[in-house]
Amino acid sequence: MCSEFSRYNKTLQNKVNLPADCRLVMFDMDGVLFDSMPYHAKSWNHAMADFGLELSEAEAYLHEGRTGSGTINIITQRQLSRAADEEECHRIYARKSKYFNEFPKPERMPGAIETVRAVKECGVTPIIVTGSGQVSLLERIESNFSGLFRNEWMVCAKDVKYGKPNPEPYLMGLKKAGVDRSQAIVIENAPLGIEAGHAAGCFVIAVNTGPLPDKVLMDSGADLLFHSMAELSENIKNILNR
Ligand code: MG
């Protein structure tokens, strides 16, 4: 038994809320399945600067999962003491998307495909729950995770009204799959996504793939924390078969 697992196994023994009969694993996408967060953070930083607004790359990680207008309004409230109007939101978000699309296509996160495969090998269904609304989303998933996800149960931007940190996206995932919250695990990298999964009543595994301190993710409601998808891939079967 590897030392990593010994460490987590010790933690697992105390996890009374870990699903005894897990049937569904809900994967966030950015920062979990794809190494896309550095591009998102840079795009936000550059787009805001174009409009005289300040959002550092580091802070962008704290807003991950929020809707575009939600993030923009927080910054205009802080800097200009007012909400952004619809047109302003549209222009800033369009600029952010333009910058993001200029970056190369994000790579699959190392360890992500191994994790998803291990979930399937345990007889558990993997689905994606993301705030992303990219039109190329399905193609991107199919070309990188061919045949692994139950795409008809996927939740993305068009499915939800509020988005993370509201539990809505994860509640919708449970509903689509017809699975109770006590039988589901959420895998998230972002504080607001962890909050959403926790508020939905699911067991949440945090994977800290970004620059935030572990404490921020644990304080958001994570039940377990790994430092990479590769590390999670080595432990996921033990978690599901516990
Ligand atoms: Mg994420």
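No experiment lies behind these values; they were computed from the predicted model shown. (Residues numbered from 1 in each chain as written. Predicted model: local features only at pLDDT ≥ 70, side-chain atom pairs only at ≥ 80, totals over all residues. Heavy atoms only, no water.)

**Some remarks on the environment of Asn241**
Now for step 1: Along the chain, Asn241 turns up in the segment after helix H11 (229–240).
Now for step 2: For Asn241, a relative accessible area of 55% puts it in the exposed group.
Now for step 3: Counting along the chain gives 21 residues from Asn241 to Ser220, while the straight-line C-alpha distance between them is 26 Å. (Helix = DSSP H or I, 4+ residues; strand = E, 2+ residues; numbered from the N terminus. Buried < 20%, exposed > 50% of the residue type's maximum accessible area, 1.4 Å probe, protein only.)

**Here we look at helix H4 (residues 68–80)**
Now for step 1: With 13 residues, H4 ought to run about 18 Å at 1.5 Å a step, and its terminal C-alpha atoms sit 18 Å apart, in line with that.
Now for step 2: Among the residues making up H4, those that are buried are Gly68, Thr71, Ile72, Ile75 and Thr76. One face of H4 carries all of its buried residues, which in axial projection span an arc of 125°.
Now for step 3: For H4, the elements touching its buried residues are helix H2 (37–50), helix H3 (57–63) and helix H5 (86–102). (Expected span 1.5 Å × (residues − 1). Arc of directions from axis to C-beta. Contact = heavy atoms within 4.5 Å.)

**Comments concerning the coordination of the magnesium ion**
Now for step 1: The magnesium ion binds to the protein through Asp28 (OD), Asp30 (O), Glu64 (OE) and Asn189 (OD1); the donor distances cover 2.0 to 2.2 Å.
Now for step 2: All donors of the magnesium ion belong to a single chain; written as a sequence motif, their spacing is D-x1-D-x33-E-x124-N. Placement of the pair is Glu64 in the loop between H3 and H4 and Asn189 in the loop between strand S3 (184–188) and helix H9 (191–199), with a sequence separation of 125 residues. (Donors = N, O, S within 2.8 Å, 3.2 Å for Na, K, Ca; no water.)

**Considering the packing of helix H6 (residues 112–121) against H11**
In helix packing, the relevant descriptors are the interaxial angle and the interaxial distance, both defined with respect to the helix axes.
Now for step 1: Viewed as axis vectors pointing N to C, H6 and H11 meet at an angle of 10°, and their least axial separation amounts to 8 Å. With respect to H11, the element H6 is oriented roughly parallel. In this structure, H6 contributes Ala112, Glu114, Thr115, Ala118, Val119 and Glu121 to the contact, and H11 contributes Met229, Leu232, Ser233, Ile236, Lys237 and Leu240.
Now for step 2: When grouped by side-chain class, the residues that make up the contact of H6 with H11 number 7 nonpolar, 2 polar and 3 charged. (Axes fitted to C-alpha atoms, helices over the stretch in contact; angles between N-to-C directions. Parallel < 35°, antiparallel > 145°, perpendicular 65-115°, else oblique. Nonpolar A, V, L, I, M, F, W, Y, C, P; charged D, E, K, R; others polar.)

**Digging into helix H7 (residues 137–144)**
Now for step 1: Those residues of H7 that fall on the buried side of the exposure criterion are Leu137, Arg140, Ile141 and Asn144. In an axial view of H7, the angular spread of the buried residues amounts to 95°, which keeps them on one side of the axis. Among the exposed residues of H7, those pointing more than 90 degrees away from its buried face are Glu139 and Ser143.
Now for step 2: Taken together, the buried residues of H7 touch H6 and strand S2 (125–128).

**What about the pairing of strand S4 (residues 203–207)?**
Every other side chain in a regular strand lies on the same face of the sheet, so the side chains alternate between the two faces.
Now for step 1: With 5 of its 5 residues buried, S4 lies for the most part within the structure.
Now for step 2: With 4 bridges connecting them, S3 and S4 associate as parallel partners. Of the residues in S4, the one forming a bridge with Ile187 is Ile205.
Now for step 3: On the question of chirality, the crossover connecting S3 to the parallel S4 by way of H9 is right-handed.
Now for step 4: Two strands pair when backbone bridges link them, and S4 and strand S5 (residues 224–226) are joined in this way by 3 bridges, in the parallel orientation. Across the sheet, the residue bridging to Ile205 is Leu224, located in S5.
Now for step 5: Crossover handedness for the path S4 to helix H10 (residues 214–219) to S5: right-handed. (Pairing = 2+ DSSP bridges. Right-handed = clockwise from strand over helix to strand, strands pointing away.)

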